[in-house]
Amino acid sequence: MDLEELKIEVGQRAAQEVRDGMVLGLGTGSTAEAFLRSLATRVEDGLTVRGVPTSERTANLCRELGIPLTDLGRDPVLDLAIDGADEIDPDLNLIKGAGGALLREKIVASAARRMLVIADATKYVDHLGAFPLPVEINPFGSAATALQVERLCSRMDWSVDAVIRRVPAEPGQPEEPYVTDGGHWIVDCKLGMISDPKTLDAELRAIPGVVETGLFLGMADRALLATGEGVEVLERQNG
């Protein structure tokens, strides 16, 4: 199977994890969208659910598919959050944020009793960090914040370029910073390997101007990985 077929397969498997009456956290990204399409089929067949979307993109897709929505004001405790990941390590720690929704994704995941991660097997790694780590920052003082991120990583023995994410521009026009749904910017940090994710996460979040990091540590309970041989189920063993 090609990558898109794998995403469809794991999305279908994740949709079977949903029980009638659940309040769900609904993730952002291509694998999460494959899940939403499978979930919509179950809703058409009579499944009753409500979902909190982690992005405007997800919210719009849910409206298109007929998946009922709610928010954390009305439903502050979720039964299950289902989302993708950019990297997954053996302890089910994650890097997320390629889709630009990491802050809302982390808020939703923290409100859920359980978090299920869905991904293709290429996202499974021995150590986090090959994928650039997204860090969400306040636009005010963005250059100074990015510099502090670089200095922090240097003190932790990483040589890193903290690059503000930008969106493609029209020919002849300057690129503009990518803006999250919350009005923030994102700095992408190429680290190579993160030897101490917990310390890095805490140190980054202590920098004034940093809103959140793409490190999701100890949040996922299970992961469904789509492989060429089928869907592999991983359970978090520690913590």
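Scroll up to find the structure this text is about.
About the criteria used
Residues numbered from 1 in each chain as written. Predicted model: local features only at pLDDT ≥ 70, side-chain atom pairs only at ≥ 80, totals over all residues. Heavy atoms only, no water. Helix = DSSP H or I, 4+ residues; strand = E, 2+ residues; numbered from the N terminus. Rg over C-alpha atoms; globule rule 2.2 N^0.38 Å. Buried < 20%, exposed > 50% of the residue type's maximum accessible area, 1.4 Å probe, protein only. Contact = heavy atoms within 4.5 Å. Areas by Shrake-Rupley, 256 points an atom, 1.4 Å probe, with all protein chains shown as cover. Lys, Arg positive; Asp, Glu negative; His and termini not counted. Charge placed at Lys NZ, Arg CZ, Asp CG, Glu CD. Salt bridge = Lys/Arg side-chain N within 4 Å of Asp/Glu carboxyl O. Pairing = 2+ DSSP bridges. Axes fitted to C-alpha atoms, helices over the stretch in contact; angles between N-to-C directions.

1. Here we look at the overall build of the protein
Alright, step 1. Secondary structure summary: the protein contains 6 helices and 15 strands in total.
Alright, step 2. The C-alpha radius of gyration computed for the protein amounts to 18 Å, which stays within 12% of the reference 18 Å derived for 239 residues, consistent with globular compactness.
Alright, step 3. Across its three principal axes, the protein shows a C-alpha extent of roughly 55 × 40 × 35 Å.
Alright, step 4. Counting the 239 residues in the protein, one finds 51% classified as buried.
Alright, step 5. Counting contacts in the protein only where the partners sit at least 6 residues apart, residues at least 24 apart contribute 75% of the total.
Alright, step 6. Carbon and sulfur atoms make up 48% of the accessible area of the protein, which totals about 11200 Å².
Alright, step 7. Counting 24 positive and 39 negative side-chain charges, the protein places the centres of these two groups 5 Å from one another.

2. Description of the pattern of salt bridges
Alright, step 1. In total, this model carries 16 salt bridges according to the counting rule given.
Alright, step 2. Ionic pairing is found between Lys 106 and Glu 212, a salt bridge with its closest N-O pair at 3.0 Å. Here Lys 106 is found in helix H4 (residues 102-111), whereas its partner Glu 212 is found in strand E12 (residues 210-213), with 106 residues between them in sequence. Of the two residues, Lys 106 and Glu 212, both sit in the buried class.
Alright, step 3. Of the charged contacts, one joins Asp 120 and Lys 123 as a salt bridge, the two residues approaching to 3.9 Å between their closest N and O atoms.

3. Re the sheet that holds strand E5 (residues 94-95)
Alright, step 1. In space, the 3 strands of this open sheet follow the order E4-E5-E13, with antiparallel pairing throughout. The open sheet has two free edges, formed respectively by strand E4 (87-88) and strand E13 (215-216), since each of these has just one partner strand.
Alright, step 2. As paired elements, E4 and E5 share 2 bridges and run antiparallel to each other. Residue pairing across strands places Ile 88 opposite Leu 94, the latter belonging to E5.

4. Here we look at unusual backbone geometry
Alright, step 1. Positive phi outside glycine occurs at Leu 92, with the angle close to 65°.
Alright, step 2. Position of Leu 92 relative to the elements: it lies in the loop between E4 and E5.
Alright, step 3. Residue classification places Leu 92 among the buried residues on the basis of a relative accessible area of 1%.

5. With respect to the environment of Ile 67
Alright, step 1. With respect to the helices and strands, Ile 67 occurs in the loop between helix H3 (56-65) and strand E3 (80-83).
Alright, step 2. Separated by 37 residues in sequence, Ile 67 and Ser 30 place their C-alpha atoms 17 Å apart.
Alright, step 3. Ile 67 has contacts with Leu 26, Leu 36, Leu 39, Ala 40 and Cys 62, leaving out every residue within four places of it along the chain.

6. Here's the deal with the sheet that holds E3
Alright, step 1. Ordered in space as E2-E1-E3-E6-E14-E15, the 6 strands form an open sheet in which the pairing is mixed. Of all the strands in the sheet, just strand E2 (50-53) and strand E15 (230-235) have a single pairing partner and so form its edges. Neighbour to neighbour, the strand axes of the sheet diverge by 20° on average, direction disregarded.
Alright, step 2. With 3 bridges connecting them, E3 and strand E6 (residues 115-120) associate as parallel partners. Across the sheet, residue Ala 81 finds its bridge partner in E6, namely Met 115.
Alright, step 3. The strands touched by helix H1 (residues 3-15) are E3, E6, strand E14 (222-227) and E15; relative to E14, the strand with the most contacts, the crossing angle is about 145°.
Alright, step 4. Packing against the sheet, H4 makes contact with strand E1 (23-26), E2, E3 and E6, and its axis sits at approximately 145° to E3.

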